[in-house]
Amino acid sequence: MEEGVRVDIDLVLRSTRVITPEGTRPASIAVSGGTIAAVLPHDAEVPAGARLEDVGDDVVLPGLVDTHVHVNDPGRTEWEGFWTATRAAAAGGITTLLDMPLNSLPPTTTVENLRVKQDVARAKAHIDVGFWGGALPDNVKDLRPLHDAGVFGFKCFLSPSGVEEFPELDQEQLANSLAEVAGFGGLMIVHAEDPHHLAAAPQRSGGAYADFLASRPRDAENTAIENLIDQARRLDARVHVLHLSSSDALPALAAARAEGVKITVESCPHFLTLTAEEIPDGATEFKCCPPIREAANQDALWQGLADGTIDCIVSDHSPSTADLKTPDFASAWGGISSLQLGLPAIWTEARRRGHDLTDVVRWMSEAPARLAGLDRKGAIEAGRDADFAVLDPEATFTVDPAELQHRNRITAYAGRTLHGVVTSTWLRGERIADRGVLAEPSGRLLERNN
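As the structure is a prediction and not an experimental result, all values here were calculated from the model.

Visitor: Provide a residue-level description of the overall build of the protein chain, including the pertinent values.
Guide: The helix and strand inventory of the protein chain stands at 12 helices and 18 strands. Relative to its length of 450 residues, the protein chain is compact, with a C-alpha radius of gyration of 21 Å against a globular reference of 22 Å. Within the protein chain, the proportion of its 450 residues that are buried is 60%. Taking as baseline every contact in the protein chain between residues at least 6 positions apart, the subset at least 24 positions apart corresponds to 74%. Accessible area of the protein chain: about 16,100 Å², with a carbon and sulfur share of 48%. In the protein chain, which carries 41 positive and 66 negative side-chain charges, the distance between the mean positions of the two groups comes to 2 Å.

As C-alpha cells, then:
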C-alpha cells in the first residue's frame, strides 16, 4: 500500500474502469470499516488480511442516490413497502433513497408520524433510507420540529396530490411555509403544476393518451414554476422543482439561477426515455403527473441536462396495485415504477445521445447527494461511504416484469431492451446484491447532517 494509507484495510475492490471525481481510470478502491480509505493504482498491493474483489472490466460507479421515492409504507403497503422498494433499489444499483412524505398513512407531516415511518422502515431497509417531511396548509408549526428531527426538507403540492390526507398549498400558504423553512435554512421541494391551468384544461375520460396529455398542459408547469421562482426570490428561500416535464420552463429556470435565485431542478427517467408518441391508448402504466410529453420536448430536456439547468435524475417511483391502473387515463392511478430500471434506462438513452457514464454518475449520484446534503454519498473518494454499483455497460437485457423486485410488477418499460446490467451493488463495503440475488437487510436510517 502507498505511504499514509491506513493498514486496517478489509476490502480492495478493483476494476479497469472506476469513475472518480477526477475521471474514469483503472483503480483499486481500499475500504476500511465501510469507508473508502483510498483510491489507489490498479496494481496496488493488497494488504495482508484484506479481501480482493476484482470485477475486471465492469465499471465501478458510486452507488446511486434516489431522492424521490414513494415507498407508501405503512398504510398503503400493498402498493409497495420498504422491504420490496429497497430490494428493487439495490438490484438497480441504488444505495440510498429518500422517501416521500405522502401515500403512506400517516403522511410524514409531524415528528410523531416520522417516528412511525422510521420504526416501520428500520428492519426492512436493504439500502440506506432517509425521509422528506411534508408541508400542508395547517402544519407550519410542525416544520421546524421535523427539521430538527432530521428530515431532509419538505415537499408540497401546488395542485391536488391525489390523496386527500395531503392537500395542496395555495400561493399564500406556500409563502407562509417558505418563509418558515427559509428561516431555518431548510429546503422546500415542490410539485409544480398550477391548479387554475389544470382546471381550465379539457378533462375527458377514456383511454386516449392524447386526451390525458391535453388535461395536463405545459402551461400548468410553466406558470407554477414562474410563481415559485418569484416566491423564492422574494423570500430568499431554497427551493427544488420536482419531476420537471415541460421543457418550456427551462429558460426561466436558467435565468433565475443566473440571477442568484436558490433553485434546483430534477427530471425523471420516464420523461427522458419515453415519449407521448409511443404510448398506446389504454396503456395507463405510462400515466404520471406531470405527463410524459412529446419527443421534441424530450430533446430539450436532454439539452437542459447537458447545460446544467437540470441538476439531477431521480425515479419518482410511484407504484400502485394493478387494479388502480384501469384503462381509463382519467381515473387510473398516476405513477411509474422504475427503481430497479432507472440506471439502464438512462444509460441506454444517454449513450445514444453521446453522453458517457461520468455524466450519468453526475446526474444520478453526485447531484442528488449534494441536493440532500449527503456528504458521505455520491462519489468514489477517500472519506465517503463505500457504496458502489458495478455495471456491465455493454451488456443488454430485455425488461421482464417477472424479474422485478417491486411489489407490484407493473412497468412502462416491459419488453424494452436496455443497455447496462448491474452485476453487483455494495453498501459500506458489503455486497448487498449479486446478479439479482439480494442479501439480508443492512441499510441504515439517515437523518439530515448525521
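Visitor: Summarise the pairing of strand S10 (residues 154-157); cite the residues concerned and give the values.
Guide: With burial as the criterion, each face of S10 is covered, one bearing Phe154 and Cys156 and the other bearing Lys155 and Phe157. Pairing geometry for strand S9 (residues 133-134) and S10, over 2 bridges, is parallel. Bridge pairing in S10 links Gly134 to Lys155. Handedness of the crossover joining S9 and S10 through helix H3 (residues 140-148): right-handed. Alignment of S10 against strand S11 (residues 187-191), held across 4 bridges, turns out to be parallel. In the strand pairing of S11, Cys156 is matched with Val190. In terms of handedness, the path from S10 via helix H4 (residues 171-183) over to S11 forms a crossover that is right-handed.

Visitor: An account of the sheet that holds S11 is requested, with residue identities and associated values reported.
Guide: Pairing within the open sheet is parallel, and its 6 strands lie in the order S9-S10-S11-S12-S13-S14. With partners counted over all chains shown, the strands left at the sheet margins are S9 and strand S14 (312-313), one partner each. Pairing geometry for strand S12 (residues 238-241) and strand S13 (residues 263-267), over 3 bridges, is parallel. Bridge pairing links Val241 to Val265 in S13. Relative to S13, helix H8 (residues 250-258) is tilted by about 145°, and along the sheet it contacts S12 and S13.

Visitor: Could you give an account of the side chain of Thr348, with specific residues and numbers?
Guide: Here Thr348 is to be found in helix H11 (residues 342-352). From its side chain, Thr348 meets the backbone oxygen of Pro344 in a polar contact 2.6 Å long. One polar contact links the side chain of Thr348 to the main-chain amide nitrogen of His419, over a distance of 2.7 Å. If we ignore the near neighbours within four places in the chain, the residues touching Thr348 are Thr417, Leu418 and His419.

Visitor: Let's hear about the sheet that holds strand S6 (residues 64-69): which residues, and what values?
Guide: Spatial strand order, S6-S7-S8: 3 strands in an open sheet with parallel pairing. The sheet is open, and its two edges are formed by S6 and strand S8 (128-131), each paired on a single side. Adjacent strand axes in the sheet meet at a mean angle of 20° when their direction is disregarded. Pairing between S6 and strand S7 (residues 94-99): 4 bridges, direction parallel. Note that in S7 the partner of Val69 across the bridge is Asp99. Most of the contacts of helix H12 (residues 357-372) go to S6, to which it runs at about 55°, and overall it touches S6 and S7.

Visitor: Hey, could you go over the nonpolar core for me, with residue numbers and the actual values?
Guide: In this structure, Phe154, Met188, Leu244, Leu253 and Ile292 are the most contacted members of the largest nonpolar core, which totals 95 residues. In contact with Met188, not counting residues within four places along its chain, are Ala135, Phe154, Cys156, Ser177, Leu178, Val181, Arg238, Val239 and His240. Residues Phe152, Leu187, Leu371 and Ala372 belong to the second largest nonpolar core, which totals 20 residues.

Visitor: Any chance you could break down helix H10 (residues 295-307) for me, citing the residues and the numbers?
Guide: In a regular helix each residue adds 1.5 Å, so 13 residues correspond to 18 Å; H10 covers 19 Å between its end C-alpha atoms and thus fits that length. Every buried residue belonging to H10 is among Asn297, Gln298, Leu301, Trp302, Gly304 and Leu305, and all of these are buried. Along the axis of H10, the buried residues cluster in a sector spanning 155°; they form a single face. With its phi angle positive at about 90°, Gly308 sits one or two positions after the end of H10.

Quick notes on the rules
- Residues numbered from 1 in each chain as written.
- Predicted model: local features only at pLDDT ≥ 70, side-chain atom pairs only at ≥ 80, totals over all residues.
- Heavy atoms only, no water.
- Helix = DSSP H or I, 4+ residues; strand = E, 2+ residues; numbered from the N terminus.
- Rg over C-alpha atoms; globule rule 2.2 N^0.38 Å.
- Buried < 20%, exposed > 50% of the residue type's maximum accessible area, 1.4 Å probe, protein only.
- Contact = heavy atoms within 4.5 Å.
- Areas by Shrake-Rupley, 256 points an atom, 1.4 Å probe, with all protein chains shown as cover.
- Lys, Arg positive; Asp, Glu negative; His and termini not counted.
- Charge placed at Lys NZ, Arg CZ, Asp CG, Glu CD.
- Pairing = 2+ DSSP bridges.
- Right-handed = clockwise from strand over helix to strand, strands pointing away.
- Axes fitted to C-alpha atoms, helices over the stretch in contact; angles between N-to-C directions.
- Polar contact = N/O pair within 3.5 Å; in protein donor to acceptor, adjacent residues only side chain to side chain.
- Core = buried A, V, L, I, M, F, W, Y, C linked by side-chain atoms within 4.5 Å.
- Expected span 1.5 Å × (residues − 1).
- Arc of directions from axis to C-beta.

Remember, this is a structural readout, not a statement about activity or role.
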